[in-house]
Amino acid sequence: AFGVIADIQFADAEDGYDFYGCRRRYYRHSLRLLREAVWEWAAESPPINFVLQLGDSIDGQNARRGEAESALQQVLEVLGQLSVPVHHAWGNHELYNFSRARLVHTGLYSRPAGGSDGPADRECHAYHCSLAPRLRLVVLDSYDTSTLGRDPGSPRYQESLRVLREKNTNDDLNNPEGLKEPNFVAFNGGFSQAQLDWFDEVLKFSDENQEKVIVMAHVPIHPYASNGVCLAWNYEAALSVIHTHRCVVCVLAGHLHDGAYCRDLHGVHHLTLEGLIETPPDSNAFATVHVYEDKMVLKGRGRIPDRVMHF
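The present account deals with the structure reproduced in this document. In this text, all values refer to a predicted model and were calculated from it rather than measured experimentally.

## Digging into the sheet that holds strand 10 (residues 260-263)
Consider a sheet: its strands pair through backbone hydrogen bonds, and that pairing is either parallel or antiparallel.
So, step 1. Strand order in the open sheet formed by 6 strands is 6-7-8-9-11-10, with mixed pairing between adjacent strands. Lying at the two open borders of the sheet, with one neighbouring strand each, are strand 6 (127-132) and strand 10. Pairwise comparison of adjacent strand axes, ignoring direction, gives a mean angle of 15 degrees for this sheet.
So, step 2. Pairing geometry for strand 9 (residues 248-253) and strand 11 (residues 269-272), over 4 bridges, is parallel. Among the inter-strand pairings, Val251 is bridged to a residue of strand 11, identified as His270.

## Focus on the packing of helix 7 (residues 193-208) against helix 8 (residues 235-243)
So, step 1. Helix 8 packs onto helix 7 with a crossing angle of 20 degrees between their chain directions and a minimal axis gap of 9 Å. It follows that helix 7 is roughly parallel to helix 8 by the angle criterion. Seen along the crossing, helix 7 lies across helix 8 with a hand that is right-handed. The residues of helix 8 that touch helix 7, namely those facing Leu196, Phe199, Asp200 and Leu203, are Ala237, Ala238, Val241 and Ile242.
So, step 2. By residue class, the composition of the contact of helix 7 with helix 8 is 7 nonpolar, no polar and 1 charged.

## A word on the pattern of salt bridges
So, step 1. Under the defined criterion, the tally for this structure stands at 22 salt bridges.
So, step 2. The partner of Arg23 in a salt bridge is Asp258, with the nearest N and O atoms 2.5 Å apart. Taken together, the residues Arg23 in the loop between strand 2 (16-17) and strand 3 (24-25) and Asp258 in the loop between strand 9 and strand 10 connect sequence positions 235 residues apart.
So, step 3. Looking at Asp258, the relative accessible area reads 43%, which means it is partly exposed.
So, step 4. A salt bridge links Glu69 to Arg102; the nearest nitrogen and oxygen atoms lie 3.0 Å apart. With Glu69 in helix 3 (residues 68-79) and Arg102 in helix 5 (residues 100-103), the pair connects residues that are 33 residues apart, well separated along the chain.
So, step 5. Each of Arg23, Arg25, Asp258 and Glu278 takes part in a single network of salt bridges with overlapping partners.

## Remarks on unusual backbone geometry
So, step 1. The omega torsion of the bond from Ser45 to Pro46 falls at 0 degrees, within 30 degrees of zero and hence cis.
So, step 2. Within the fold, Pro46 resides in the loop between helix 1 (29-42) and strand 4 (50-53).
So, step 3. For Gln9, which is not glycine, the phi dihedral falls at a positive 50 degrees.
So, step 4. Positive phi, normally seen in glycine, also occurs at Asp56, with a value near 60 degrees.
So, step 5. With respect to the helices, strands and loops of the structure, Asp56 is situated in the loop between strand 4 and helix 2 (61-65).

## Looking at the environment of Glu123
So, step 1. Structurally, Glu123 can be placed in the loop between helix 5 and strand 6.
So, step 2. Between the alpha carbons of Glu123 and Asp306 there is a distance of 35 Å; along the sequence they are 183 residues apart.
So, step 3. Look past the residues within four positions of Glu123 in its chain and what remains in contact with it is Trp90, Arg100, Ala101, Val104, Asp141 and Arg150.

## Description of the layout of surface pockets
So, step 1. If you add up the space inside the largest pocket, you get close to 660 Å³.
So, step 2. Looking at the largest pocket, it is lined by 29 residues, and the ones nearest its centre are Asp18, Phe19, Arg25, His93 and His257.
So, step 3. Counting only elements with at least two residues in the lining of the largest pocket, the list comes to helix 2 and helix 4 (92-97).
So, step 4. Residue classes in the lining of the largest pocket are distributed as 11 nonpolar, 9 polar and 9 charged.

## A closer look at the sheet that holds strand 1 (residues 2-5)
So, step 1. Taken in spatial order, the 6 strands of this open sheet run 5-4-1-12-13-14, and their pairing is mixed. Looking at which strands have only one partner, the edges of the open sheet turn out to be strand 5 (86-88) and strand 14 (307-310). When the angles between neighbouring strand axes are averaged without regard to direction, this sheet yields 20 degrees.
So, step 2. Sheet analysis places strand 13 (residues 295-302) next to strand 14, joined by 4 bridges and oriented antiparallel. Each bridged residue has a counterpart across the sheet, and for Met296 the counterpart in strand 14 is Met309.

Conventions adopted
- The residue numbering used here restarts from 1 in each chain and proceeds along that chain's sequence as written.
- Local features in a predicted model are, by the rule used here, given only for residues with pLDDT of at least 70; side-chain atom pairs are given and counted only at 80 or more, and totals for whole chains, interfaces and linings are based on all residues.
- Excluding hydrogens and water, the side-chain values take into account all heavy atoms of the structure.
- Pairing between strands requires that DSSP locate at least two bridges from one strand to the other.
- Under the DSSP-based scheme used, a helix requires at least four consecutive residues in state H or I and a strand at least two consecutive residues in state E, with every element numbered from the N terminus.
- Every axis in this analysis is a line fitted to C-alpha atoms, fitted for helices over the stretch in contact. Angles between the N-to-C directions lie between 0 and 180 degrees.
- These descriptions rest on fixed angle ranges, namely under 35 degrees for roughly parallel, over 145 for roughly antiparallel, 65 to 115 for roughly perpendicular, and the rest for oblique.
- Handedness of a crossing follows from how the near helix is turned relative to the far one, being left-handed for an anticlockwise turn of less than a right angle and right-handed for a clockwise one.
- Contacts: residue pairs with any heavy atoms within 4.5 Å of one another.
- Any residue outside Ala, Val, Leu, Ile, Met, Phe, Trp, Tyr, Cys, Pro, Asp, Glu, Lys and Arg is labelled polar, Gly included; the first ten of those are nonpolar and the last four are charged.
- One speaks of a salt bridge when a side-chain nitrogen belonging to Lys or Arg is within 4 Å of a carboxyl oxygen belonging to Asp or Glu.
- Whether a residue is buried, partly exposed or exposed follows from its accessible area with a 1.4 Å probe, protein chains only, as a fraction of its type maximum: under 20%, in between, or over 50%, in that order.
- Computed over the protein atoms alone on a 1 Å grid, cavities are sets of points where a 1.4 Å probe fits but cannot get out and pockets are open sets with protein on both sides within 12 Å along at least five of seven lines; a residue lines them when it has an atom within 4 Å of a point.
- Grid points are joined across faces, edges and corners, and a volume is the space filled by probe spheres set on the points.

Given below as structure tokens:
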């Protein structure tokens, strides 16, 4: 069993609104809701084995306020009350607050310290690990190709900017209006070829060892588990890798605060979790998932509905 939560986006700030000015965001309350989630996870019986934090743990405004380090420390302190591992995805808001080089030295760097569990690039926050016999987790870095968190003078930044400007002709690169491919906005990102090649090798290993694989990333990789905007730049490439293999049973993502779900034509479940940040103080948005031989049973709290996902 494991806990899952997305888009905490904590900031010690008054309530605000989303990018479009219509959805309320409860910045301070998100930490209290996270604390409630941790209390419930700690009391689960049988106990949970780990937690998946799907990215955007703190809000981007912390950078402007000079509070990025303290905000992150408060979130990690709450999660640290758990006696089980927490696996973190990196989202756009992590990268508004910290460079990739800095994130490697924070508690959000959950990639194993040694060995070959991830791509050669240590700043690519992708890795895999065995969760239980014949059950593997793969964490993907959906901002490996991105203008966020990189030095503007670096080749990776320049190449990401070139791809983005090729697809997005708007003055504001966060604006999807009028685009043929509206997912090509700066608050999304994509996967490098090196990461995709590594991902392919991991899934090949899991196929050969008859494992089931849970994939997590911040940005959704299936259009039907998205609103068409909150979608990885090269989602087709990631799906192609998954569909070449038999082992992946579920892809978990955040980023789209409304949440979404689909089961694709290959039988893979794509679940985008509702965001904690837009959850009213009298509700919540987290889940506990129980994994069986033939299904995953998700028990949602607050905004997140219960769900059974058969393999």
